Amino acid sequence: MNTANRLAPYMFMAPAAVIMGLCLLYPLGYMIYGSFLDWNPSQSIGEADFVGFKNYINLFFDPAFRESLGVTLTFAVSVVIAELVIGVGLALLLDRNIRGMSLLRTLFILPMMIAPVVVGLMWRYMYHPTVGTFNRFLKSIGLEGVDWLGQNALLSVIIADIWQWTPFIFILSLAALQSLPRSALEAARIDGATNWQQIVYIKIPLMMPVLIVTALLRLIDAFKVLEVILVMTEGGPGLSTEIVALRISRTATEFRELGTAAAMSNYLLILLLLLTVAMFAFTRFQDARAARLARQVQEEG
Amino acid sequence: MQYQRQNPAFFALLVALIFMAVGPIVLMFANSFKLDVDIIGGTTGLLFLPTIQNYETALCDVLWYEPEHLDFCALKFGGAFVNSLIIALVSTLLTLVIGTMAAYALVRFRFFGRDTVSLTTLTVRMVPPAVLLVPVFGLWNNEFCIDKATYVGGWIRDTFGGRGDVCLAGTHSGIILIYVAMNLPFVIWILQSFIVQVPRSLEESARVDGAGPFQVFFKIVLPLIKPGLAAAAIFTFRIAWNEYLLASALSDRNTKTVPILIVNNMSEFNVEWGVIMATGMLLAIPPIIFTLFASRQIITGMTAGAVKG
Amino acid sequence: MLRSFKSAALGATAAIALATSAIAGPYDAYEGETLIVNFPAHPHFDAVMKILPEFTKETGIEVEVDQLPYLKMRERQTLELAQDEGEYDLIAYVVFSKADYVYANQLENLARYFMNPKLADPSYDADDLIDGYVYNIGFAGGNKGYLEGKTGSLYGIPYGSETSILGYRKDIFEKHGLEVPETYDEMLEIACKIPELEPGMGGLSSRAASGHHASHAFLLHLAPLGGRVFDDQWTPIVNNAAGVQAAEALKTIVDCGPEGAASFGFGEALGSFLNGDTAMFLDTTVVAGQINDPKKSQVVGKVGWAMHPMGVRRGSQTGGFGIGIPANAENKDAAFLLMQWLTSKKGDKLVALAGGNPSRFSTHADADVNAKFPHMATFGEALQHADPDWRPIIPVWGKINADLGTTLSKVLTEGLDVQTALDGVAERTKAVMEEAGYYTWQ
């Protein structure tokens, strides 16, 4: 092999490596450095004072930050669980050859393709206490209106996210279902397994690897949500929907404390890293188990 | 294919699901043709006199006539739309080219540092844009700059105008660069699963015929992974088109994108629902078109991304 | 000899040139220049947009406007003003930005311009500008550091002066024989009576959403009820009896207000009044234009205006914007000319007729303006009772304001006890002030 060929992989990699290094890794390093500074947007980083771990310690004891961390976790966990249950449930229910299935899938993708900003404003309108669709409907059938973005803001935000992202899980689990080995299902049916038994003992375990990856993807994305909430509630009322991402952006722009915002970003990053590692370990474990299970099922058949 | 017969309850469920998925979008569409008085005043349902006034307000800077109901053109939607288009298209193109090359290298070559690169790519995927806000804001405004006293800086200032040192912040390039970086990990990840499926024998026979690694890549591999490219393109475009947070930190008055315009327009003094819905609808149209025409590619892309793990 | 003749001739031509330029007007030197200005998306500045073509026609100076929502505008300015060379030639700023900008030396002191005979218009009549607003928005370095006084000087000119005013539904008040409230007790009583008299209608719509909105609504009641955020030693006293009374007033108003009032921002609060869902509205004067606009309002002609009710004193808010010249601007002189034109008697009247909020006594008394907007006389009177110190204007205020706003929102939605909430705010405010060095001299 000549030199050109030996260099080829590096040349293929180079542009991506340079861009990711310069625009992702370097900024992350810059952020970690910045999190030790008392730094406001009118200063360049060189003019800022070094304060050590002060930002981290302050944040750790800051009830507002803790609350927004709690809100973030509540939001992320509830949307992932709700979407998994609904999405997988629908997939199991609709896993058959019916006319209109492809149309349904196409229309189902729409919500997730639309800009979060637009989703936010659509729901903000529908939740409006007086002119909104929901309260108008409730009143037209003689019920009391609900204070959606007031008393029940977090729930309302969660519902909007479920609307937007359940289709993602639905489509992935449907694809997983349809690629299951037919032989295993056939065998179970011959053995007289009821529909319910098939679902619990065969379909779900076999889908598990895909479901876990899907859940992980959704979880990571749930931590990225910002625009929908920004447009719908701006984090209010109180701090009830102020997720960490929103608090970072407010701290940087509204309170003008870049150092604190950087430390906050770092906390979020560490949290996400822990989650990812945990999920990866779990996937490995589950993979092995699922493989064993699949083998068993096939052997029994 | 033989369709199974289903009981009617099933179709009722399907209709309900479709209604739930599409209802809010249809509602927005309908409201974008209503006057504010109608939206607030309570003419519910689809019985109303449609007006294109909201769209006239939104698009006043590109209309060839001056709409009567406007005293001056406040929303510069046309300009923002062009910015969004430039930024989304260029960043999608760059991401695809760079990403495919990297994915190809990761799949087909064994080289020093491959595992590190692969792992890094996977990990940076989880970084939320909000985490990048502070460093990108700082770097793009203060560090990634060319002094205007230097030759290049001076040339840029002479040619393109503007004042002060030449920085990435406030330029199209600045926003494009961060979008490319943000989308690369995802594109590399998704394309790997497509490149793996390209039969090695094809490449080897080409190499035997004397083709270099770049020729093999462009002539053999690229055409074969078109479906993967389409899927990756749509996802990249979607993010670049819809993103708000970083763009709002990096853009100035000339490089505003549509999401920024929409959020800005939800000003607290005057919630003009009709106009907001119209701008929202205009922003949503390109993704909706993609979805209707390329839903198969989108689904392929989604499943490829998840199944690969 | 010849040489001296030549120079004399030259001098003569120069003198003629000067003379012609003087005749042609002060704007000549700047004709064809383009000013880039940063204004908020706000009804007053929408009105300004309508009169700017007039300025260009008169002076030949082009104006390009970057209009942003006002919080965004502040973020943008933070960044722009910190550069060595900035993009904006003239900016409008929110009152509480004054502290930041002046402290960081980012706004031009206007003395230089008013001293320059080529720029300053002798007929400007600065005494006609409403005092409280010049002190509140334009001055810095005097009393408390942020007001007028012997050590103060001028950095901006108020433009778009707002105060708080009570709008009420004449038809509803007449129908039930209600008196227009003069005091806080009367106002709160009526606010809670309305939902009983008119089922489905809220008493008074106020902003209350988390953050800036809730804090603003609270401060609106704090000044008339005799409270202040700080005493003269910068000790937070927001949790004293007056503070508690103000927070309780806000809570009563929200509880007796329209549905969903606790999540109302300014837009929603106004929307509810425009839609006829509330009987009273207590907030800025800037809304008058929309209330009289049949495209947006269902209550055209049904609204009467009254002064902000008294608690222990008159103390309506001083709000709105000022305009100033950034220290890093490119065309400062031309920017001053625009600023002077906009705030002159003529400009102020033009903007008032276009639906803006004038800042001069003479405009409020002007016959044409009053013929078009009959409420202008009441507004003018209200402006004179405005309290320039209803809200502190110090650099750390942004942080305190955010804390106050989120804590009050908890009082309104989560039932947090008022005294506990305000004690918490006072304690955290004290820490912020301590860190910022306000207790160095104690």
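Whatever comes next refers back to the structure up there.
Residues numbered from 1 in each chain as written. Chains lettered and ligands numbered in written order. Predicted model: local features only at pLDDT ≥ 70, side-chain atom pairs only at ≥ 80, totals over all residues.

Q: Can you help me understand the overall build of chain C in this one?
A: When helices and strands are counted, chain C shows 19 helices and eleven strands. Taking 442 residues into account, the globule formula puts the C-alpha radius of gyration at 22 Å, and chain C, at 24 Å, falls close to it. With respect to the principal axes defined by its C-alpha atoms, chain C has extents near 95 × 55 × 30 Å. Looking at chain C as a whole, 52% of its 442 residues are labelled buried. Of the contacts formed within chain C by residues at least 6 apart in sequence, a portion of 75% connects residues at least 24 apart. (Helix = DSSP H or I, 4+ residues; strand = E, 2+ residues; numbered from the N terminus. Rg over C-alpha atoms; globule rule 2.2 N^0.38 Å. Buried ≥ 20, exposed ≤ 12 C-beta atoms within 10 Å, placed from the backbone. Contact = placed C-beta atoms within 7 Å.)

Q: Got a minute to help me understand the nonpolar core in this structure?
A: Most often, soluble globular proteins have nonpolar side chains that are buried together. Membership of the largest hydrophobic core comes to 183 residues, with the highest contact counts inside it found for Ala16 of chain A together with Ala102, Leu133 and Ala181 of chain B. The greatest single-element share of this core, amounting to 17 residues, is contributed by helix H8 (residues 172-196) of chain B. Residues within four places of Ala181 of chain B in sequence aside, it is in contact with Ile19, Met20, Cys23 and Leu24 of chain A. (Core = buried A, V, L, I, M, F, W, Y, C linked by C-beta atoms within 7 Å.)

Q: Sorry, what's going on with the pairing of strand S11 (residues 319-324) of chain C here?
A: If a strand is regular, its side chains alternate between the two faces of the sheet. Residues and elements named next belong to chain C. Where burial is concerned, most of S11 is hidden: six out of the six residues are buried. Pairing between strand S3 (residues 90-94) and S11: four bridges, direction antiparallel. Of the residues in S11, the one forming a bridge with Val94 is Phe321. Bridge analysis of strand S6 (residues 157-162) against S11 gives four bridges, and the strand direction is antiparallel. (Pairing = 2+ DSSP bridges.)

Q: What is the right way to look at the sheet that holds strand S7 (residues 164-169) of chain C in this model?
A: Residues and elements named next belong to chain C. Overall, mixed pairing links the four strands, which are arranged S8-S9-S7-S10 in an open sheet. Both outer strands of the open sheet, strand S8 (202-205) and strand S10 (303-307), are each paired with one neighbouring strand and no more. Taking each pair of neighbouring strands and ignoring which way they run, the sheet shows an average axis angle of 20°. Relative to S10, S7 runs antiparallel, the two being bridged by five bridges. If you follow Gly167 over to S10, its bridge partner there is Trp305. Packing of helix H8 (residues 184-197) onto the sheet brings it into contact with S8 and strand S9 (278-284), and relative to S8 it is tilted by some 135°. (Axes fitted to C-alpha atoms, helices over the stretch in contact; angles between N-to-C directions.)

Q: Would you explain the interface of chain A and chain B in this entry?
A: Interfaces are often sized by the accessible area lost when the parts come together. Contacts between the two partners involve 74 residues from chain A and, on the opposite side, 75 residues from chain B. For the side of chain A that touches chain B, a count of residues per class yields 56 nonpolar, twelve polar and six charged. (Nonpolar A, V, L, I, M, F, W, Y, C, P; charged D, E, K, R; others polar.)

Q: Can you help me understand the packing of helix H4 (residues 101-113) of chain A against helix H1 (residues 8-31) of chain B in this one?
A: If you want to describe how two helices pack, look at the angle between their axes and the distance between the axes. Contact geometry of H4 of chain A with H1 of chain B gives a least axis separation of 9 Å together with a crossing angle of 35°. Where H4 of chain A crosses over H1 of chain B, the handedness of that crossing is left-handed. Contacts between H4 of chain A and H1 of chain B involve Leu104, Leu107, Phe108, Leu110 and Pro111 of chain A on the former and, on the latter, Leu14, Leu17, Ile18, Ala21, Val22 and Ile25 of chain B. Per-class residue counts for the contact of H4 of chain A with H1 of chain B are eleven nonpolar, no polar and no charged. (Left-handed = near helix turned anticlockwise from the far one by under 90°.)

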